[in-house]
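Understanding the architecture of this molecule
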Amino acid sequence: MSKYMFLFRGGSDMQQASPADQQANMMKWKVWMDDIAAKGKLHGGEPLSYGAGKVLSGRTMKMTDGPFAEGKEIVGGYLIVDAKDINEAAELGKGCPIFENDGSVEVRVVMEM
Amino acid sequence: MSTPEEIGTLTDHLFRREAGRMVAALTRLFGAKHVELAEDIVQETLLKAMHEWPYHGVPDVPAAWLHRVARNLAIDRLRRESRGLELLKENAALLRSEWTLSSTVNEMLNAPSIADDQLRMMFACCHPSLPREQQVALALKTLCGFGVPEIARAFVVSEETINKRLYRAREAFRALGSIEFPPPSELAPRLEHVLATIYLLFNEGYNSTSHQHLIREDLIEEALRLCDLLTRNATTDRGEVHALLALMLYHAARSATRIDADGSIVLLREQDRSKWDGELIALADHHLDRAVAGQAMSMYHVEAAIAAVHAHAATFASIDWRAIIGLYDQLLRLNPSPVVQFNRAIAVAQADGSAAGALALEAVKGMEGSHLYHAARGDLLRDQGRVDEARAAYTLAATLTRSPAQNELLRRKQDACG
């Protein structure tokens, strides 16, 4: 078993959704994550706020305020899952509801010491 | 307040319902002028829940979590922006001082007072200065937590139309200043406006020409919920409120049998009475009893009494049409409208035969543009064996409705004319 990270990008158009649609969207994410957890493959993760944030860059550590990227590039959260290989990890990622909102999931291998 | 059943579970309409409750409470805090600020805070609260709950689990008491987040966001916004906001005189000083800010917000956004905030908001949304279609759109948006696409779907109009209605409604709404109960001297007429809007909401759900089954049920549920809220407050717990609730409950009890699995209309005569919801009928009886205990007699009283006669008839044949005609006579004295005359004529046809009914129907003036009128005329002609005239009446009726279910029903009737 290795660890893999899902990086969620985009899908932030739910900002303008109605309460009922927000609840429906929340339930889809919950069902998907609960299912990964039920398989014993969920390691952890956190959502990231679309609000305040800073980007530090360059030698001078130039500081700029968010937004940090175009809407569909903004990272909205991450999840770490256990899987036997990258293919199984990618397979788990396919169930993510973010695709309904034009977002993407980047699947990366977490390097082990 | 959360009931024990709510703890740890998520009801279907939690976000929508809590959105309405939080907007009401926040609008009272900030004043009508800042209703959009209230809506922003609620939107941000729900987004936070949408993002966090899948990762961290649904909180034990979801509503309490939402309210706490909304309170904190409100305090943050006031801390940063209160100088720039035109606050209501009575809270401005309290909300601008760091000493009293948190405690004032917490006190005003506490659970027990939210039911009253919703009622105040109901009176504000149904203010006579707003045209009724704007009242309904505003009530659905702010009080019921519907989104613009959902309201547009419910009324089968474009989102742009709803946005325009909301824009104009909000302008009038902001001018109201504070959100309060009407003074006792104005309560009865203002309550009439509220009830008329609730009934419109209900009818839109009940008779809607839209095929969207779910949105129709949502409207019915919201109308019942708002009316029920009115019965639970001492100021608005009045006979006509119970009467309207009874009326809507009698109708709602039959709603499942009015449309068959294919979405076709099932006539009253053919409805499966065993599938009528006995619990809702019992609840309706309860509210009708409470209604007649009140002092005033409203149209809703009589209409509920008519619905009760229907609801309690075991079979179509055992409907007491004499009693119904008597009630329509009462209703005509309160509201001498063509629709009431029309309904009375239908009852006459049932009690005294199609010839007597046709005579009564001929006397009705002002319904010539309605498909219901011509469909009923067709039925009475058919029953008298005048099939050619009946077919022509059905054809005319079909040109007057755009509802697919109504058109389908009329086609079936035309076919039956041979």
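Our subject is the structure that appears above.
What you are looking at is a predicted structure, and each value in this text was computed from that prediction instead of being measured.

**Details of the overall build of chain B**
Assigned secondary structure in chain B consists of 20 helices and zero strands. Computed over its C-alpha atoms, the radius of gyration of chain B comes to 24 Å, within 12% of the 22 Å expected for a compact globule of 418 residues. A principal-axis box enclosing the C-alpha atoms of chain B has dimensions of 80 × 45 × 40 Å. In chain B, which comprises 418 residues, the share counted as buried stands at 51%. As displayed, chain B has an accessible area near 19,000 Å², and 52% of this comes from carbon and sulfur atoms.

**So, the overall build of chain A**
For chain A, the count of helices and strands is two helices and six strands. The helix and strand sequence of chain A, counted from the amino end, reads β-α-β-β-β-β-α-β. Total accessible area computed for chain A in this model is approximately 6,800 Å², and 55% of it derives from carbon and sulfur atoms. The centroid of the 13 positive side-chain charges in chain A is displaced by 5 Å from the centroid of its 16 negative side-chain charges.

**Focus: the pairing of strand β1 (residues 2–9) of chain A**
Residue and element names in this part refer to chain A. Pairing analysis gives eight bridges linking β1 to strand β5 (residues 75–83), with the strands arranged antiparallel. Following the sheet pairing, R9 is matched in β5 by V75. Pairing analysis gives six bridges linking β1 to strand β6 (residues 104–109), with the strands arranged antiparallel. Directly across from M5, in β6, lies its bridge partner R108.

**Observations regarding the pairing of β5(A)**
Residues and elements named next belong to chain A. In terms of residue burial, β5 counts as a mostly covered element, since seven of its nine residues are buried. For strand β2 (residues 42–47) and β5, the ladder comprises five bridges, and the chain directions are antiparallel. Bridge pairing links G44 to I80 in β5.

**Describing the sheet that holds β2(A)**
Within the open sheet, the four strands sit side by side as β2-β5-β1-β6 (chain A). Their pairing is antiparallel. Every other strand in the sheet has two partners, leaving β2 and β6 of chain A as the edge strands with one partner each. Going across the sheet, the axis of each strand differs from the next one's by a mean of 15°, ignoring polarity. The strands touched by helix α2 (residues 35–56) of chain B are β1, β2 and β5 of chain A; relative to β2(A), the strand with the most contacts, the crossing angle is about 165°.

**A few points about the packing of helix α4 (residues 89–96) of chain B against helix α5 (residues 101–108) of chain B**
Residue and element names in this part refer to chain B. Remark: α4 packs on α5, axes separated minimally by 7 Å, with the N-to-C direction vectors making an angle of 130°. Here α4 lies oblique to α5, going by the angle between them. Only L101, T104, V105 and M108 of α5 make contact with α4, whose side of the interface consists of N91, L94 and L95. Across the contact of α4 with α5, the residue classes break down as five nonpolar, two polar and no charged.

**Overview of the packing of aromatic side chains**
This model, assessed by the stated rule, comprises 13 aromatic pairs over all chains. Between A:F6 and A:W32, the aromatic rings sit 6.0 Å apart at their centres with planes inclined by 15°, giving stacked as the arrangement. Here the residue A:F6 occupies a position in strand β1, and A:W32 occupies one in helix α1 (residues 19–38), the gap between them amounting to 26 residues. The class of A:F6 is buried, set by a relative accessible area of 0%. A:W32 sits in the buried class, given a relative accessible area of 6%. Connected via pairs of aromatic rings, a cluster forms that spans A:F6, A:F8, A:W29 and A:W32. Lying across the ring of B:F146, B:R16 places its NZ or CZ 4.2 Å from the centre.

**Things to note about helix α7 (residues 132–143) of chain B**
All names here are of chain B. Between its first and last C-alpha, α7 extends 15 Å over twelve residues, near the 16 Å set by a 1.5 Å rise per residue. With nine of twelve residues buried, α7 lies mostly within the body of the structure. For α7, the full list of buried residues reads Q134, Q135, V136, A137, L138, A139, L140, T142 and L143. Note on α7: the residue one or two positions beyond its end, G145, has a positive phi of about 70°.

**Things to note about the pattern of salt bridges**
Residue and element names in this part refer to chain B. Going through the model one piece at a time under the given rule, you end up with 38 salt bridges over all chains. Linking R174 and E36 is a salt bridge whose minimum nitrogen-to-oxygen distance equals 2.6 Å. Taken together, the residues span a long stretch of sequence, with R174 in helix α9 (residues 159–174) and E36 in helix α2 at a distance of 138 residues. The exposure class of R174 is partly exposed, given its relative accessible area of 25%. By relative accessible area, E36 is classed as partly exposed at 36%. R382 serves as the salt-bridge partner of D383, at 3.1 Å between the closest nitrogen and oxygen. Classification of R382 by relative accessible area gives partly exposed; the value is 30%. What you see here is one network of salt bridges that share partners, running through R17, E221, E222 and R225.

**Things to note about the interface of chain A and chain B**
Each partner contributes to the interface: chain A provides 24 residues, whereas chain B provides 23 residues. Summed over both sides, the interface between chain A and chain B buries roughly 1,800 Å², with carbon and sulfur atoms accounting for 65% of that surface. Contact with chain B buries area across many residues of chain A, yet A:P19, A:Q23 and A:M26 alone supply 32% of it, more than any other trio. Linking chain A with chain B are zero salt bridges, by the criterion used here. At the junction of chain A and chain B, the tally comes to five residue pairs in polar contact (both at pLDDT 80 or more).

**Notes on the nonpolar core**
Residue and element names in this part refer to chain B. Core analysis: the biggest nonpolar cluster contains 107 residues, and F30, I198 and M248 have the highest contact counts within it. If you tally residues by element for this core, the top one is helix α12 (residues 239–258), at eleven residues. Not counting residues up to four positions away in its chain, the partners in contact with I198 are M122, A223, L226, C227, L230, L244 and M248. Among the nonpolar cores identified, the runner-up in size contains 25 residues, and I319, W321, I325 and V340 belong to it.

**Quick notes on the environment of B:D388**
Residues and elements named next belong to chain B. With respect to the helices and strands, D388 occurs in helix α19 (residues 387–399). The class for D388 is exposed, based on a relative accessible area of 55%. As a C-alpha pair, D388 and Q414 span 26 residues in sequence and 9.7 Å in three-dimensional space.

The rules behind each value
Residues numbered from 1 in each chain as written. Chains lettered and ligands numbered in written order. Predicted model: local features only at pLDDT ≥ 70, side-chain atom pairs only at ≥ 80, totals over all residues. Heavy atoms only, no water. Helix = DSSP H or I, 4+ residues; strand = E, 2+ residues; numbered from the N terminus. Rg over C-alpha atoms; globule rule 2.2 N^0.38 Å. Buried < 20%, exposed > 50% of the residue type's maximum accessible area, 1.4 Å probe, protein only. Areas by Shrake-Rupley, 256 points an atom, 1.4 Å probe, with all protein chains shown as cover. Lys, Arg positive; Asp, Glu negative; His and termini not counted. Charge placed at Lys NZ, Arg CZ, Asp CG, Glu CD. Pairing = 2+ DSSP bridges. Axes fitted to C-alpha atoms, helices over the stretch in contact; angles between N-to-C directions. Contact = heavy atoms within 4.5 Å. Parallel < 35°, antiparallel > 145°, perpendicular 65-115°, else oblique. Nonpolar A, V, L, I, M, F, W, Y, C, P; charged D, E, K, R; others polar. Phe/Tyr/Trp six-rings, centres within 6.5 Å; stacked < 30°, edge-to-face > 60°. Lys NZ or Arg CZ within 6 Å of the ring centre and 35° of its normal. Expected span 1.5 Å × (residues − 1). Salt bridge = Lys/Arg side-chain N within 4 Å of Asp/Glu carboxyl O. Buried area = accessible area lost by both parts, 1.4 Å probe. Polar contact = N/O pair within 3.5 Å; in protein donor to acceptor, adjacent residues only side chain to side chain. Core = buried A, V, L, I, M, F, W, Y, C linked by side-chain atoms within 4.5 Å.

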